[in-house]
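# Descriptive structure summary
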Amino acid sequence: MAKKFQSIKGFYDILPEATPLWFKLEDTAREVLSQYGYNNIRMPVVEPTELFVRSVGEHTDIVEKEMYAWEDALNGDKLTLRPEGTAGCVRAVVQENLTYNGPQRLWYIGPMFRHENVQKGRQRQFHQVGCEAFGFDGPEVDAEQIVMLARLWKALGITDVELQINSIGDADERAQYRQTLITYFEQHADVLDEDAKRRLHTNPLRILDSKNPNMQSVCEQAPKLMDCLGEASLVHFEQLCHLLKEAGVDYVINHRLVRGLDYYNRTVFEWVTTKLGSQGTIAGGGRYDTLVERLGGKPTTACGFAIGLERVFLLMQAYEVTADNALDVYLVNVGETAQQKAFAVAETLREQGLSVVLHAGGGSFKSQMKKADRSGACYAAILGDDEAAAGELSLKPLLQAGEQKRCQWTDVSQLIRG
Ligand code: HAM
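Everything numeric here is computed off the predicted structure, so don't read it as measured data.

### Comments concerning the environment of Ser355
One can find Ser355 in the loop between helix H12 (336–351) and strand E13 (356–358). In sequence terms Ser355 and Val329 are 26 residues apart; their C-alpha atoms lie 6.3 Å from each other. Once you skip the residues sitting within four places of it in the chain, Ser355 turns out to touch Ala326, Leu327, Asp328 and Val329.

Dropping the structure here:
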């Protein structure tokens, strides 16, 4: 027997039984984003490695240990499978000068790749819907994106997700805080784990994110970034809080929320659920006002977020959200005349806008009805020689109780949809 292949670790097929719920998730996201005037952009999955090093940051987990990066054997280019979408989106905005005519609201959907330890809610290929807004200075756009997410959760039937927000200030404020934090953690060096010691001089803010139970109290008592913020950052944050209150969106201020990517400044936020175990962050984002300039563009403020679609999918399942069946009719055809007509009849039904699976391969009425039942279709449309001669079909509801009814081929849609 020939060798059977397996998908590689952390890379998964999304099987047909799951796709109706995926469609519901993606369609709902699309609808909500377009309600806010976001336009879709599609970037390549492969970008120059340096793009991620310079934007996500050299000393982040993503760049240090999670990137699928390689050298192209044909021309020596250093390439990476995108671990996230913001860097590529900014690259595209700069390359195509997309903000030339004013601010832009963009969104994208697609696979991202991180070589992480695999567990529930954490894959090596996963999917994000991301939004990026360019050229909006005030906190309104931060609030808009957060409120838009609240609307999305509601539309998806997800409740009980907690919004955590924080401000990590601007670069100079963070530099000052960084020093304060290094001094503080040096004074508590005895409780720091290996990871924290490694990060102390490269990325000390990330120590605050530690999940190590032995470090919780030292992290909780650490000086707060908020106390190092200047007037402008504080006002920005206060206005954001005010806008969220006005919109009726609850939040908690999490002083330890710093995010795992280096490009952020001021607002950062995450939406967190307790229903998915340790991988409970279903979306995260914030402002990144200096990234466009650092990637060669004109100074342009920006704010964005990304949703982890697999995690939201799991959450929809946890909330028992279901998706409507897409298949209207399974066309059963028994008898010589019926079989000859069935192909054309199926087309007549499709012409009426119905989705139709035409039974193929013959078999008895009973065995075809069994297949109709298993197909998940709303109706079995039965075409026997009798019906075929009369230009009719017998319609039997499969998902709901109801009488079998006979009608003309041309009237099926009307009978089903009323
Ligand atoms: P992120 O926090 O790295 O941010 O990822 C956003 C979301 O993607 C996470 O909250 C999580 O739901 C999901 N996610 C991340 N890694 C995995 C994984 N290995 N498996 C499954 N889901 C995962 C970003 O990517 C930023 N680009 C967001 C952003 C856009 N900030 C500004 N604009």
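### A few points about the packing of helix H1 (residues 19–35) against helix H11 (residues 309–318)
Between H1 and H11, the shortest axis-to-axis distance is 11 Å and the interhelical angle comes to 115 degrees. The pairing of H1 with H11 is recorded here as roughly perpendicular in orientation. Seen from above, H1 lies across H11 with right-handed handedness. In contact with Leu21, Trp22, Lys24 and Leu25 of H1, H11 contributes Leu309, Glu310, Val312, Phe313, Met316 and Gln317.

### A word on unusual backbone geometry
Phi angles above zero are rare outside glycine, and Asp160 is one such case at about 65 degrees. Mapped onto the elements, Asp160 comes out in the loop between helix H5 (140–156) and strand E7 (162–167). Owing to a relative accessible area of 61%, Asp160 belongs among the exposed residues under this scheme. The phi angle at Arg259 is positive, at roughly 70 degrees, despite the residue not being glycine. Within the element layout of this structure, Arg259 appears in the loop between strand E8 (252–253) and strand E9 (265–272). Its relative accessible area of 12% is what places Arg259 among the buried residues.

### So, the packing of aromatic side chains
One pass over the full model with this rule turns up nine aromatic pairs. Ring geometry for Tyr263 and Tyr288: centres 5.5 Å apart, planes at 55 degrees, overall tilted. Here Tyr263, found in the loop between E8 and E9, pairs with Tyr288, found in the loop between strand E10 (281–287) and helix H10 (291–294); they are 25 residues apart in sequence, far enough to count as distant. Neither Tyr263 nor Tyr288 differs from the other in exposure class; each is buried. With 6.4 Å between their ring centres and 55 degrees between their planes, Phe269 and Phe305 make a pair best called tilted. With Phe269 in strand E9 and Phe305 in strand E11 (residues 302–308), this residue pair connects regions lying 36 residues apart in the sequence. Looking at Phe269, the relative accessible area reads 0%, which means it is buried.

Rules behind the numbers
Residues numbered from 1 in each chain as written. Predicted model: local features only at pLDDT ≥ 70, side-chain atom pairs only at ≥ 80, totals over all residues. Heavy atoms only, no water. Helix = DSSP H or I, 4+ residues; strand = E, 2+ residues; numbered from the N terminus. Contact = heavy atoms within 4.5 Å. Axes fitted to C-alpha atoms, helices over the stretch in contact; angles between N-to-C directions. Parallel < 35°, antiparallel > 145°, perpendicular 65-115°, else oblique. Left-handed = near helix turned anticlockwise from the far one by under 90°. Buried < 20%, exposed > 50% of the residue type's maximum accessible area, 1.4 Å probe, protein only. Phe/Tyr/Trp six-rings, centres within 6.5 Å; stacked < 30°, edge-to-face > 60°.

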